[in-house]
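Descriptive analysis of the structure
One letter stands for each residue in the lines below.
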Amino acid sequence: MFPSCYSKSTDGVFKKTSVTKILLGVFVVYMLHTCWVIYGFIYTKPCDRGKGELCISSYLAERPHLQISVFSCLQPDDSELIPVLRIDKFDIHSKFERSVNVSVPEATRANGSLYAVVYIHKAGMSPLEDSRQVHHSAKLTSYIFHRPPEDNKKPHKSPPVSYWRPHLSLSMMAEGFTFNRAGLPSDVRRYMRVFRDGQRMTYLPLLLIDELSFRVRDLMEINSSSTLLPLTVSYEGISLRTFRFWVHMQDVVYSLRQFGFTEENIDEIKGTLVDSNLYLLALTAIFTALHLICEFLSFKNDVTFWRRKKSMVGMSRKSVLWRCLSTLLIFLHLLEETSLLVLLPVGLGAIIEVWKVKKVFKIHLQWRSSRSIVQVSKLDESERKTMEYDTQVVRYLSYLVYPLCISGAIFSLAYLRYKSYYSWLINSLVTGVYAFGFLSMAPQLYINHKMKCVSHLPGTVLMYRAINTFITDVCSCVFISPSSSSSSFSTSHQLSCFRDELLFLIFLYQRRLYASNKSRVQEAGTTHSKKLKAQ
């Protein structure tokens with residue numbers, strides 16, 4: 001056993017440390033690691049030749065006259081290079097933009113691809129003849145499924161269409177920094193090209209094509225008549241720390257694509273990374289860590305509470321069933337439009353909610369003679385009374401919810417466009433969940449009012465959910481653009497997040513209101529011993 005997982009009490013007995021303390025320790029380690037990574041961006045140790053270290057010096061220290069040459073081609077390594085732009089003897093520390101028109105080949109207009117190849121080489125010399133040139137390629141076209149007009153209500157699938165990238169952003173490390181060969185950062189090594197001159201090693205300029213400034217909303221559709229398309233080439237000389245930071249951020253964006261994030265979600269994240277300062281990014285990392293911890297603690301305490309729950313006195317069956325169906329519908333809705341990273345916690349929550357329905361309805365599965373038998377346990381007197389309250393309030397709510405949901409579904413079918421009837425059904429149900437999610441709290445709050453007690457509710461779980469959704473709301477308002485078109489972060493979804501905060505606030509109010517009442521039913525349906533003795 002690990003000693004750190006145990007603590008010694010006053011009576012000398014060792015007991016297990018709570019999962020909360022372990023997670024807080026993990027959170028502290030994560031924050032320390034984040035600070036260490038940020039420190040690595042800020043400070044890179046230079047090489048000291050006086051101590052006998054093997055150094056790699058910069059080619060820029062020789063102050064060469066450099067030139068930028070941009071070419072277009074169908075394939076970066078196996079096609080003809082067509083000149084697009086040439087900038088002679090530019091200042092590596094400057095910042096500028098150039099606008100040109102690029103000739104679009106017939107193959108590209110026929111839904112093909114086109115690449116840009118950028119060379120940094122000696123001025124007055126062809127890049128193909130310069131042995132000390134560096135070059136990178138970037139794709140100027142992207143394939144996106146064509147969006148039909150908004151007034152077209154018939155769902156149909158169309159082949160992907162080529163779109164033009166009108167902006168190409170270049171960055172180059174303009175420092176003459178000398179690296180230690182033994183301590184060369186891995187992110188720099190990928191972009192470094194080294195040549196040897198006797199015993200001296202020199203690295204060529206570090207060129208980076210900025211993919212973070214590229215947005216899907218800026219793309220232009222390519223049609224058969226697009227013979228010339230505009231391209232803005234921008235250049236900026238950056239420091240070493242900025243170069244390393246942008247390399248890591250581009251790696252993050254690449255990882256998000258592997259996790260299944262859509263281009264719309266990645267655009268929002270790019271906006272956060274590019275348009276925000278370092279302090280806001282650090283705050284984002286802290287909020288992300290807190291969100292993950294609260295999400296896990298909420299799941300852990302919810303499972304623990306329901307696993308130990310024996311009596312269902314005071315628990316609203318309809319609220320548990322509603323939350324289960326709501327979570328399943330949201331999962332099916334997000335399954336069509338969002339990433340795997342978002343689906344995992346929602347899917348885990350859906351599994352827990354299904355298990356809670358089995359628990360609250362007292363459903364037991366038994367295997368006999370290679371077949372399963374479903375058994376439902378009977379309710380005691382207190383549980384039947386709770387069920388009466390539950391049924392009464394749900395009947396009144398149905399008079400309001402059902403007509404509105406049905407009329408909303410008919411309206412959306414008549415005036416909105418969907419990919420399929422399945423998509424229409426899921427979206428209509430999810431809209432009902434978002435719109436009337438607050439009403440799902442009514443049965444449980446009504447039962448609390450009738451019983452004058454809240455001790456049967458999992459207060460710790462409600463607290464973690466309230467904190468977690470508060471973090472989600474803050475991130476949605478601060479880090480997500482109001483003009484975002486992403487459906488997974490839609491306005492209705494953001495507004496629905498306030499449900500847990502409202503439930504927790506009402507829970508606190510009822511807890512304070514009923515705290516002094518000692519004659520009401522307590523946890524598991526038991527009463528105070530004084531009242532039993534009096535009877």
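Above this note sits the structure.
Now for a quick tour of the structure. Since we're looking at a predicted model, the values are computed, not measured.

With that settled, consider helix α11 (residues 442-451). Those residues of α11 that sit buried are P443, Q444, L445, I447, N448 and M451. K452, located one to two residues past α11, shows a positive phi value of around 55 degrees.

Quick look at unusual backbone geometry now. Most peptide bonds take the trans form, and the phi angle of most residues other than glycine is negative. Positive phi is not limited to glycine here, since R63 has a value of about 55 degrees. Take R63: it is sitting in the loop between β3 (55-58) and β4 (66-73). For R63, a relative accessible area of 72% translates into the label exposed. A positive phi is found at K452, a non-glycine position, where the angle reads about 55 degrees. Turning to its location among the elements, K452 is positioned in the loop between α11 and α12 (459-478).

This paragraph deals with the side chain of S58. Tracing the backbone through its elements, the reader meets S58 in strand β3. By relative accessible area, which is 2% here, S58 ends up buried. Only 3.1 Å separates the side chain of S58 from the backbone nitrogen of L60, close enough to count as a polar contact. When sequence neighbours within four positions are dropped, the list of residues in contact with S58 reads E175, G176, F177, T202 and Y203.

Let us look at the sheet that holds strand β14 (residues 200-203). A sheet is described by the order of its strands in space; here four strands give the open sequence β12-β3-β14-β13, paired in mixed fashion. Sheet topology places β12 (179-180) and β13 (194-197) at the edges, where each strand pairs with a single neighbour. Both β3 and β12 contribute to a ladder of two bridges, which runs antiparallel. Residue pairing for β12: C55 is matched across the bridge by N180.

Attention now goes to the pattern of salt bridges. A side chain with one charge can pair with a side chain of the opposite charge if their charged atoms come near. This model, assessed by the stated rule, comprises 10 salt bridges. Across the pair E211 and R165 runs a salt bridge, and its minimum N-O distance is 3.2 Å. Pair noted here: E211 is in the loop between β15 (207-210) and β16 (220-221) and R165 is in the loop between β10 (160-164) and β11 (167-173), with a separation of 46 residues, a long-range link. The class of R165 is buried, set by a relative accessible area of 3%. Here E353 and R323 are joined by a salt bridge, their closest N and O atoms 3.5 Å apart. Pair noted here: E353 is in helix α8 (residues 340-360) and R323 is in helix α7 (residues 317-337), with a separation of 30 residues, a long-range link. Note on E353: relative accessible area 4%, which makes it buried. We classify R323 as partly exposed; its relative accessible area is 22%. Here the residues in one salt-bridge network are D302, R323, E353 and K356, joined through shared partners.

Time to look at helix α9 (residues 381-415). Counted at 1.5 Å a residue, the expected span for α9 with its 35 residues is 51 Å, and the 50 Å between its end C-alpha atoms agrees. Roughly 40 degrees is the biggest bend found in α9, and it falls at S398.

Applying the stated criterion across every chain yields a total of 13 aromatic pairs. Between Y396 and Y399, the ring centres sit 6.4 Å apart and the planes meet at 75 degrees, which makes this aromatic pair edge-to-face. Placement of both Y396 and Y399 in helix α9 is noted, with a separation of three residues, approximately one turn of the helix. Residue classification places Y399 among the exposed residues on the basis of a relative accessible area of 56%. Aromatic ring contacts, followed pair by pair, group F90, F96 and Y235 into a single cluster. Cation over ring: R165 sits above F214, and NZ or CZ is 4.9 Å from the ring centre. We note R395 situated over the ring of Y396; from NZ or CZ to the ring centre the distance is 5.2 Å.

Turning our eyes to something else, we now look at a nonpolar patch on the surface. On the surface, W36, Y39, I42 and Y43 cluster together to form a nonpolar patch covering roughly 480 Å² of accessible area. Note on Y39: relative accessible area 44%, which makes it partly exposed.

Right, let's talk about the packing of α9 against α11 for a bit. Two numbers describe how α9 lies on α11: the axes approach to 9 Å, and their chain directions differ by 135 degrees. With respect to α11, the element α9 is oriented oblique. By crossing handedness, the relation of α9 to α11 is classed as right-handed. Between α9, through T386, Y389, D390, Q392, V393, V394 and L397, and α11, the contact on the second element is made entirely by A442, P443, Y446, I447, K450 and M451. A class-by-class count of the residues in the contact of α9 with α11 yields nine nonpolar, two polar and two charged.

Rules used in this analysis
- Residues numbered from 1 in each chain as written.
- Predicted model: local features only at pLDDT ≥ 70, side-chain atom pairs only at ≥ 80, totals over all residues.
- Heavy atoms only, no water.
- Buried < 20%, exposed > 50% of the residue type's maximum accessible area, 1.4 Å probe, protein only.
- Helix = DSSP H or I, 4+ residues; strand = E, 2+ residues; numbered from the N terminus.
- Polar contact = N/O pair within 3.5 Å; in protein donor to acceptor, adjacent residues only side chain to side chain.
- Contact = heavy atoms within 4.5 Å.
- Pairing = 2+ DSSP bridges.
- Salt bridge = Lys/Arg side-chain N within 4 Å of Asp/Glu carboxyl O.
- Expected span 1.5 Å × (residues − 1).
- Bend = angle between axes of the 7 residues up to and from the residue.
- Phe/Tyr/Trp six-rings, centres within 6.5 Å; stacked < 30°, edge-to-face > 60°.
- Lys NZ or Arg CZ within 6 Å of the ring centre and 35° of its normal.
- Patch = residues over 30% accessible without salt bridge, like charges linked within 9 Å, V, L, I, M, F, W, Y side chains within 5 Å.
- Areas by Shrake-Rupley, 256 points an atom, 1.4 Å probe, with all protein chains shown as cover.
- Axes fitted to C-alpha atoms, helices over the stretch in contact; angles between N-to-C directions.
- Parallel < 35°, antiparallel > 145°, perpendicular 65-115°, else oblique.
- Left-handed = near helix turned anticlockwise from the far one by under 90°.
- Nonpolar A, V, L, I, M, F, W, Y, C, P; charged D, E, K, R; others polar.

Coordinates in, geometry out; function isn't part of it.
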